[in-house]
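As a plain string of letters, each chain reads:
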Amino acid sequence: MKDNDFVGIGGVGFGGGERQGLVEDGQIVGDVEVVVGSTGCKSRWSSRWCCGGDGGGGERPCLFRRFREGCGTYLEGQESFGQKVEKVGCWDWMIGVVKVLNNGDVELVKASAAEGPFAVLERDNYTYPLVFKAIGEEKLVDFGGFVHGRVLMDGFEKDSFVMNSLLTMYMKCRKKEEGGKVFNSMWKPNVVSWNSMISGYFKIGCAKEALGIFIKMVDDEVEIDCATVISVLPVCGFLKELEVGRRVYELVKEKGWEKEIVVRNALVDMFAKCGSIEEARLVFDGMVERDVVTWTSLINAYILNGDIRAALRLCFLMVLEGVRPNSVTLASLLSACGESKNLMDGRCLHGWAIRQKLESDVMVETSLIDMYAKCNHFDRSFQVFKRTSKKKTVPWNAILAGCINNRLGNEAIKLFKEMLIEGVKPDVATLKSFLAAYAIHADLQQATNMHSYLIRSGLFSNCEIATAVIDIYSKCGSLESAHKIFYGIPDENKDIYLWSVIIAGYGAHGHGEIAVSLFKEMVQAGEKPNEVTFTSVLHACSHAGLVDEGLDLLKFMLRNHQISCQENHYTCIVDLLGRSGRLDEAYDIIRTMPFAPSHAVWGALLGACVIHENVELGEIAAKWLFELEPENTGNYVLMAKIYSAVGRWKDAENMRHMINEIGLQKAPAYSLIQCDEIGGSYIF
């Protein structure tokens, strides 16, 4: 089939055929007959589509002219509509569809499909898949449903090629229910249909359902192909289903797909994400051919296992074998350097990126900003940021997160305002990175302003954003506002993070009874508490002196949820018992801990000893704290306070001498007061 066999919008690639009808004042009067392609297929358009009216002499603008104009540069240089009527074919209509969809004029495309060339020309199983691909890319699910109806009207419901493209379109639009209905209605789903379901469900965050579809596929004895394996291995890695991954590996050996590099890469990635570095290395070592994806997958495996040195060595070997690391490889290594605060290797990778001309890649830029910020070198992080284009959201997200990581709340707020001035639209990730700035300074007026902005921008409906705002109001002391937002969220949208934040907010302000009541309400609602939730409610009991309630919650955690006590839980229990004067019980818990107590645990005991003037246990706690935190002046001051309280003035003086001998200086305390009438906040 030749290109000029098809007629097209704007005179692009049209073949033979005659136009019928009169042109008067740039309008066509009557019907128009079009011959499409070399097949001689004739179709007629209604005068409503072709004329300036609606067929009855109205003033409605010509739909075909609007469709032409919506196609933008595709029609530049063509003759005006009033001078010549072009012949239109389905292939060129689809090109026009893509152009118009990019401009967002969905109604116009619907009109063209309903009563324009697409409605009257013969459509086949090559036409629909391309249209569905365009719809899926633009996420225009409403229009997709419209074309879905056309598929059924044209009798293509038994065409696997068309139905698979329809299924993929729904999955790209994140409509798994509609996609599932299409799959279930298919006359005979083939392996492509099953693969589309597995990859589609996984991409929209339904990994367990994706794995279930694969298992059903195997149970139904559907013939699996190489694409099935490539689709399901990432699912196994994400869910850490190592045993299923191993069975898939056996299937790969049985089918003889081991030599396929894309399959080997997926296997390395799956074993790495399941934590089986040995098996990942075995697959890697058995490969004759390795590409950059192979090396990057194994590098990520070592990074996930916390072995940054091995990952860097592997990168060096990669270069020696002549494989050039790409931006993904470099971003992974830089991220690992940031997490481990490995500034030296991070700077070396930065230099290598400059030499390889990768420093302007957005992934590398973002990773560099993040790495320097996490290494507490925000000045260098900001220097990298200043060299970015500042037109993409991701670098802004990274620099805002860097500000929060370094507790630079004011700088984060200023940068966010600059981001809006630059015309960069913030997304959910931006706000998740940035909103903590308001919690750092607990400025209620600014928090209220931000809340208003979120409502106006339509972003407040996101549950994660609402959770962050509740946390801000709680830390600003406005529990009434936090409470109002919390109870304004439908029960079905309340997740564990939302419950944890509101419980922590009440607990931090001494409302232990309300925090415990909210915890019980959460459990009754069917939400399973996690480690953070238990920490929040135990902390609330500690601050409110609810000893019995706190111990009951600890038993509930161990008995009903099989959650082992973590460091934060021990700290809360020691603090709870210590504040109530049960210091010996608190010390017994510390001695029976299954791991070494941290400075937080010993600090809780020392604080309780100050309250109850217990010198003996205070000295034990202080001894450990002097080893774990030798530069924390607060521990020396607290021990001196205990000595002073019991009249051991010489020992108290010795504590102060120790501070001077070590060369420590106590950081001055301060209070932040907001003066609404004057404006601004002031530190005293």
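One can find the structure itself at the top, above this paragraph.
Given the structure is predicted, the values throughout are model-derived calculations rather than measurements.

Enumeration over the complete set of coordinates arrives at 19 aromatic pairs. An angle of 75° between the planes, with centres 5.9 Å apart, marks the rings of Phe202 and Phe238 as edge-to-face. A residue pair is termed long-range when its members are at least 10 positions apart, and Phe202 in helix 10 (residues 191-203) and Phe238 in helix 12 (residues 226-239) qualify at 36 residues. Taking the centre distance of 5.8 Å and the plane angle of 5° together, the rings of Trp602 and Trp624 count as stacked. Separated by 22 residues along the polypeptide, Trp602 in helix 35 (residues 599-612) and Trp624 in helix 36 (residues 615-628) bring together distant segments of the chain. Looking at Trp602, the relative accessible area reads 4%, which means it is buried. For Trp624, a relative accessible area of 41% translates into the label partly exposed. Taken together through their ring pairs, the aromatic side chains of Phe378, Phe382, Phe385 and Trp396 make up a single cluster.

Another aspect to go through is the nonpolar core. Residues Phe434 and Leu605 are the most contacted members of the largest nonpolar core, which totals 185 residues. The element best represented in this core is helix 35, accounting for eight residues. Non-local contacts of Leu605, meaning those with residues more than four positions away in its chain, are made with Val574, Leu583, Ala586, Tyr587, Ile590, Leu617 and Ala621.

Its place among the elements puts Asn265 in helix 14 (residues 261-273). One polar contact links Asn265 to Thr294, side chain to side chain, over a distance of 2.4 Å. Those residues in contact with Asn265 that sit more than four places away from it in its chain are Met287, Asp291, Val293, Thr294 and Ser297.

Looking now at a negative patch on the surface. On the surface, Glu513, Asp548, Glu549 and Asp552 cluster together into a negatively charged patch. Sorting elements by how many residues they give to the negative patch places helix 32 (residues 547-560) first, with three residues. Along the chain, the position of Glu549 falls in helix 32.

Quick look at the pattern of salt bridges now. Following the criterion strictly, the structure yields 21 salt bridges and no others. Ionic pairing is found between Asp220 and Lys216, a salt bridge with its closest N-O pair at 2.9 Å. You can call Asp220 partly exposed: its relative accessible area is 41%. When the shortest N-O distance is used, the salt bridge between Asp370 and Lys374 registers 3.3 Å. Taken as a pair, Asp370 and Lys374 lie in helix 20 (residues 362-374) at a separation of four residues, close to a single helical turn.

Rules used throughout
- Residues numbered from 1 in each chain as written.
- Predicted model: local features only at pLDDT ≥ 70, side-chain atom pairs only at ≥ 80, totals over all residues.
- Heavy atoms only, no water.
- Phe/Tyr/Trp six-rings, centres within 6.5 Å; stacked < 30°, edge-to-face > 60°.
- Helix = DSSP H or I, 4+ residues; strand = E, 2+ residues; numbered from the N terminus.
- Buried < 20%, exposed > 50% of the residue type's maximum accessible area, 1.4 Å probe, protein only.
- Core = buried A, V, L, I, M, F, W, Y, C linked by side-chain atoms within 4.5 Å.
- Contact = heavy atoms within 4.5 Å.
- Polar contact = N/O pair within 3.5 Å; in protein donor to acceptor, adjacent residues only side chain to side chain.
- Patch = residues over 30% accessible without salt bridge, like charges linked within 9 Å, V, L, I, M, F, W, Y side chains within 5 Å.
- Areas by Shrake-Rupley, 256 points an atom, 1.4 Å probe, with all protein chains shown as cover.
- Salt bridge = Lys/Arg side-chain N within 4 Å of Asp/Glu carboxyl O.
- Lys, Arg positive; Asp, Glu negative; His and termini not counted.
- Charge placed at Lys NZ, Arg CZ, Asp CG, Glu CD.

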